[in-house]
Amino acid sequence: MRGGRAVLVGLAAVVVCSVTASAQAPLTDSEKEIEKYREMISDPMSNPGFLNVDRGEALWKLKRGAKDVTLEQCDLGEGAGKLDGAYAKLPRHFKDTDKVMDLEQRLHWCMQNLQGLDTADVVKRKFGGPGRTSDMEDLVAFIANKSSGMKLATPVQHPKEKEMYEVGEAMFYRRGGQWDFSCATCHSEDGKRIRLQGLPNLGKPGKQVQETMGSWPTYRVSQSNVRTMQHRLWDCYRQMRWPAPDYLSDGLTALTVYLNKNAEGADIQVPSIKR
Amino acid sequence: MNYLVLAAGATALVMVATSSFAQQKPQVDAALVDRYVAATFKGASDEWKKRIEQDASQKLCSQYRNELPAGEVQSSLAREKAALKFPADGKVIGDWKKGQQFAQRGTGGQFSDGPSTPKGGNCYACHQLSSAELSYGTMGPSLTEYGKIRKFSAAGAKDAYAKIYNAQALFPCSNMPRFGHNGFLNEQEIMDVVAYLFDPESPVNK
């Protein structure tokens, strides 16, 4: 692990200044180089995101809350405590809450209801920063990793899942704010870039949206943290000149259902590593 | 669907927006989407909430996924055009050096920005402008030699002012922000950006 991290530090600068290749073809020489580096650092021995996976496993097995129990009885959709493949089918409808929930909403629900945990501190640390780890980022890295190698299969069957998909699609195209932006402004054409940053087309089923959604959560080298889809959408709303979306709000889950449905069948390889 | 939009002004800007298939009107109930959006931004301040209340064009462009049906095009252009405001003295060209800063800068108006964060139009995010600047986006057309190509004409500069003030007065549902219309850039700031496009000394025209 240590050796791997040293290699990563050396490569970080290269990756930080890079462009994503996903939205562009053909690849330039520097992009090919970056692809090579990316493959190297996707190696569990050198991707720091796997530290989060380890921490997440410890948190999963940690007794906490008023009830002093672990999260191991939390049902993520595949049955209590069943982790393999659970992330591949999230967000999904849960009978006990009669709600469609993404992984973070569900974990939060289990913390409150199973563990009797006051989640104020967990929510405060929703995004990790310098000297501050995030339980949610750690748990998501651990649980999502249990679906690595599987195909993304977010269900859109239950009426509430269908509602989420339709609302998510509408929110993707919803324009507003001082700059008149919607997600579609930046993510509905092939091969476009903002400055030098390639923009994946997420508004139609295909390879670009699959490569995107199959690679979150991801270790963001530029932020030295594992990031979840909740964080990515928060950051895109920031660029959109919209207000900060509420953490764990249903609109973010709706967008995730829409994007995951477009990405159906994507190879999941997580935590990945990105710029 | 195919439509032609003729922009008013001496140089008629002709733009053609094509889409291979007409977008189907979405089925989802608009009030339901509004409820989700309200819940998603529940924690925002009232001032921020106001910023994402949609005006007529934002509503229509959202509803039609940015591809207005033929029947909505003229009325939409007319509405946006009626709201255009030019400087009272007719002068539209300011200081290109200040304009360059607005074109380069990408900050301002984000929830991560402070009240004193300098604002910019972020033109380079979407456009090539000076051929010396290699870090430019491709969401909009290249604007290199913009003034030169238009022979530095007064009418061309006025059209550019209109474009930056309200891109949708010339192109319905344009992806380009309505910088003046939405109150993000003021009159002087837009004039400076126009100068960046139209001053013969600006690197855009070199």
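Residues numbered from 1 in each chain as written. Chains lettered and ligands numbered in written order. Predicted model: local features only at pLDDT ≥ 70, side-chain atom pairs only at ≥ 80, totals over all residues. Heavy atoms only, no water.

Q: Just to check I follow, could you spell out the environment of Gly137 of chain B for this structure?
A: Position of Gly137 of chain B among the secondary structure elements: in the loop between helix H6 (123-126) and helix H7 (146-149). Spatially, the C-alpha atom of Gly137 of chain B lies 4.7 Å from that of Ala125 of chain B, the residues being 12 residues apart in sequence. Not counting chain neighbours up to four residues away, the residues in contact with Gly137 of chain B comprise Arg193, Ile194 and Arg195 of chain A together with Tyr124, Ala125, Cys126, His127 and Gln128 of chain B. (Helix = DSSP H or I, 4+ residues; strand = E, 2+ residues; numbered from the N terminus. Contact = heavy atoms within 4.5 Å.)

Q: Is there a simple way to explain the packing of helix H3 (residues 56-63) of chain B against helix H4 (residues 70-82) of chain B in this structure?
A: Angle between the axes and distance between the axes: these two values describe a pair of packed helices. Residue and element names in this part refer to chain B. Orientation of H3 relative to H4, taken along the N-to-C sense of each, is 150 degrees, at an axis distance of 11 Å. Here H3 is positioned roughly antiparallel relative to H4, judged by the angle of their axes. Seen from above, H3 lies across H4 with left-handed handedness. Of the residues in H4, those touching H3 at Ala56, Ser57 and Leu60 are Glu72, Ser76, Arg79 and Glu80. Here the residues of the contact of H3 with H4 are counted per class, giving 2 nonpolar, 2 polar and 3 charged. (Axes fitted to C-alpha atoms, helices over the stretch in contact; angles between N-to-C directions. Parallel < 35°, antiparallel > 145°, perpendicular 65-115°, else oblique. Left-handed = near helix turned anticlockwise from the far one by under 90°. Nonpolar A, V, L, I, M, F, W, Y, C, P; charged D, E, K, R; others polar.)

Q: Looking at this structure, I do not really get the packing of aromatic side chains. What am I missing?
A: The description of two aromatic rings rests on the distance between their centres and on the angle between their planes. Counting across every chain of the model gives 16 aromatic pairs over all chains. Each ring, one from Tyr237 of chain A and one from Phe41 of chain B, has its centre 5.1 Å from the other, and the planes form 85 degrees; the classification is edge-to-face. Taken together, the residues span two chains, with Tyr237 of chain A in helix H10 (residues 229-239) and Phe41 of chain B in the loop between helix H1 (30-40) and helix H2 (46-51). Tyr237 of chain A gets classed as buried once you look at its relative accessible area, which sits at 2%. Look at Phe41 of chain B and you get buried, because its relative accessible area is 2%. Relative to Tyr161 of chain B, the ring of Phe86 of chain B has its centre 5.7 Å away and its plane inclined at 35 degrees; by these criteria the two rings are tilted. Within this pair, whereas Phe86 of chain B is found in the loop between H4 and helix H5 (96-104), its partner Tyr161 of chain B is found in helix H8 (residues 154-165), the two being separated by 75 residues in sequence. Overall, the relative accessible area of 31% leaves Phe86 of chain B in the partly exposed class. A network of ring pairs unites the aromatic residues Phe127, Trp234 and Tyr247 of chain A together with Phe111 of chain B as a single cluster. Just above the ring of Phe127 of chain A sits the side chain of Lys126 of chain A; from NZ or CZ to the centre is 5.4 Å. (Phe/Tyr/Trp six-rings, centres within 6.5 Å; stacked < 30°, edge-to-face > 60°. Buried < 20%, exposed > 50% of the residue type's maximum accessible area, 1.4 Å probe, protein only. Lys NZ or Arg CZ within 6 Å of the ring centre and 35° of its normal.)

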